[in-house]
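# Observations on chain architecture
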Amino acid sequence: VYENTQDTFNMMSESSLIVILTTTYVLVITVYNVSAIYVTFLLDSVWHAILDNFRPIGVWMIQLILFQLLNGEFGEEWVTASWLQLFGLIVLLVGTAVYNGNIRLPGFIYDSDRMNEFNSANLSTSPFLRSPGSRINISTVDRLGIERSENNERIRSTSFQ
């Protein structure tokens, strides 16, 4: 069995619902990908990866809600195995919080200076700009990646280079 492109376009031309759903899908995926690029630009690729881990939680919650709202026609029913899935999602959330330093586990030594490295100013600049060989002072690079002089004149844009 193969996909017939001509048949696809014929079905789309005969059904406005398919056109609306296809257009909606393309728009939602576009917004998702642009948001992912924006998160990576403003924060860091690590944050992008962390936020990607929250996608299954959102999908699962929506499936559970749809099942309840639509009387089981769509979505996912809560079954015995759902407890295992819930446990896995809790491990994911707690692991992310421990990794970010929001939760500190007893018995571990935390370097508070190391935790302060992950503030928004450092996360909003490229790791290459924070490298020891960089000639750019981090304090002169603003959140949009524009290097400024001491009198706040724009020197150059460091974004997307």
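Residues numbered from 1 in each chain as written. Predicted model: local features only at pLDDT ≥ 70, side-chain atom pairs only at ≥ 80, totals over all residues. Heavy atoms only, no water.

## Observations regarding the overall build of the protein
Applicable threshold: Under the scheme used here, helices are H or I runs from DSSP no shorter than 4 residues and strands are E runs no shorter than 2 residues, and both carry numbers assigned from the N terminus. To sort residues, take the accessible area from a 1.4 Å probe on protein chains only and compare it with the maximum for the residue type: under 20% means buried, over 50% means exposed, and anything in between is partly exposed. Note on definitions: a residue-residue contact is assigned when non-hydrogen atoms from the two residues lie within 4.5 Å. The Shrake-Rupley method, run with a 1.4 Å probe, gives the accessible areas here. Residue values count only the displayed protein chains as cover.
What the protein contains, in helices and strands, is seven helices and two strands. Starting at the N terminus and walking to the C terminus, you meet the elements of the protein as α-α-α-α-α-α-α-β-β. Going through the 161 residues of the protein one by one, you find that 16% of them count as buried. When contacts within the protein are restricted to residue pairs at least 6 apart in sequence, those whose partners lie at least 24 apart make up 28%. For the protein, the accessible area works out to roughly 12600 Å², and carbon and sulfur atoms hold 64% of it.

## A word on the packing of aromatic side chains
Our working definition: Aromatic rings from Phe, Tyr and Trp, taking only the six-membered ring of Trp, are treated as a pair when their centres fall within 6.5 Å; an angle between ring planes under 30 degrees marks them as stacked, one over 60 as edge-to-face, and anything in between as tilted.
What the rule picks out here adds up to two aromatic pairs. Their ring planes at 35° and their centres at 5.6 Å tell us that Trp-60 and Trp-78 sit as a pair that is tilted. Placement of the pair is Trp-60 in helix H4 (residues 55-69) and Trp-78 in the loop between H4 and helix H5 (82-100), with a sequence separation of 18 residues. Classification of Trp-78 as partly exposed rests on a relative accessible area of 35%. Ring centres of Trp-78 and Trp-83 lie 5.0 Å apart, and the angle between their planes is 85°; on these two criteria the pair is classed as edge-to-face. Every member of this aromatic cluster is reached through a ring pair, and the members are Trp-60, Trp-78 and Trp-83.

## Thoughts on the confidence of the model for the protein
Threshold: On a scale of 0 to 100, pLDDT captures the predictor's confidence in every residue.
Per-residue pLDDT for the protein has a mean of 75; in total, 68% of the residues score no lower than 70. Considering each helix and strand of the protein separately, the mean pLDDT is smallest for strand E2 (residues 154-157), with a value of 49, and largest for helix H1 (residues 5-14), with 91. Scored below 50 in pLDDT, residues 136-140 makes eleven contacts in the model with residues more than four places away or belonging to other chains. Below pLDDT 50 for its whole length, residues 157-161 participates in twelve contacts with residues either more than four positions away or in separate chains.

## Focus on unusual backbone geometry
A positive phi angle, close to 55°, is found at Asn-71, a residue other than glycine. You can see Asn-71 is positioned in the loop between H4 and H5. Its relative accessible area of 73% is what places Asn-71 among the exposed residues.

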